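The primary structure of each chain is shown beneath.
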Amino acid sequence: MGHFLPSNHSSKANTLTMSAVQETAFQEKIDAELKIEAKDWMPDKYRLHLIRQISQHAHSEVIGMQPEGKLDYTGTIPAS
């Protein structure tokens, strides 16, 4: 089913190989345009990039709901 290393390989080698296998599988999902779920394995840099994009989107949604113009100290727009 998978690629298994002989038991004489170090744990670091196993980790590196497993990471390479995971990255290859992840890239294959991307190439096949399959849906990536939050709980799916993904490279750390990819996850951090998504978190940044999501937070920027959330920020723009909040800012977009703000009324235009100057607010007074009560948080309401003063009458002109």
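Basis of the calculations
- All chains use their own residue numbering, which begins from 1 and follows the written sequence.
- Under the rules for a predicted model, residues below a pLDDT of 70 receive no local features and side-chain atom pairs below 80 are neither given nor counted, while totals for whole chains, interfaces and linings still include all residues.
- The side-chain values count all of the structure's non-hydrogen atoms but skip hydrogen atoms and water molecules.
- Confidence of the prediction at every residue is given by pLDDT, a number between 0 and 100.
- For this analysis, residues touch if any pair of their heavy atoms sits within 4.5 Å.
- Segments assigned H or I by DSSP are reported as helices when at least four residues long, segments assigned E as strands when at least two residues long, and all are numbered from the N terminus.
- The pairing test for Phe, Tyr and Trp rings, Trp by its six-membered ring, is centres within 6.5 Å, and the orientation test on the planes gives stacked under 30 degrees, edge-to-face over 60, and tilted for anything in between.
- For every residue, the accessible area (1.4 Å probe, protein chains only) is compared with the maximum for its type, and the residue is labelled buried under 20%, exposed over 50%, or partly exposed between those bounds.

Caption draft 1: Highlighting the confidence of the model for the chain. With 66% of its residues at a pLDDT of 70 or more, the chain shows a mean pLDDT of 80. A low-confidence stretch, residues 1-6 (pLDDT under 50), is modelled with three contacts involving residues beyond four sequence positions or located in other chains.

Caption draft 2: Representation of unusual backbone geometry in the model. Located in the positive-phi region is Glu33, a residue other than glycine, with phi close to 60°. With respect to the helices, strands and loops of the structure, Glu33 is situated in the loop between helix 1 (11-31) and helix 2 (44-64).

Caption draft 3: Up close: the packing of aromatic side chains. Going through the model one piece at a time under the given rule, you end up with two aromatic pairs. An angle of 80° between the planes, with centres 6.3 Å apart, marks the rings of Phe26 and Trp41 as edge-to-face. Taken together, the residues Phe26 in helix 1 and Trp41 in the loop between helix 1 and helix 2 connect sequence positions 15 residues apart. What makes Phe26 buried here is its relative accessible area of 6%. A relative accessible area of 33% means that Trp41 is categorised as partly exposed. With 4.9 Å between their ring centres and 75° between their planes, Phe26 and Tyr46 make a pair best called edge-to-face. One end of the pair, Phe26, is in helix 1; the other, Tyr46, is in helix 2, with 20 residues separating them in the sequence. Since its relative accessible area comes to 32%, Tyr46 is described here as partly exposed. Members of the aromatic cluster, joined through ring pairs, are Phe26, Trp41 and Tyr46.

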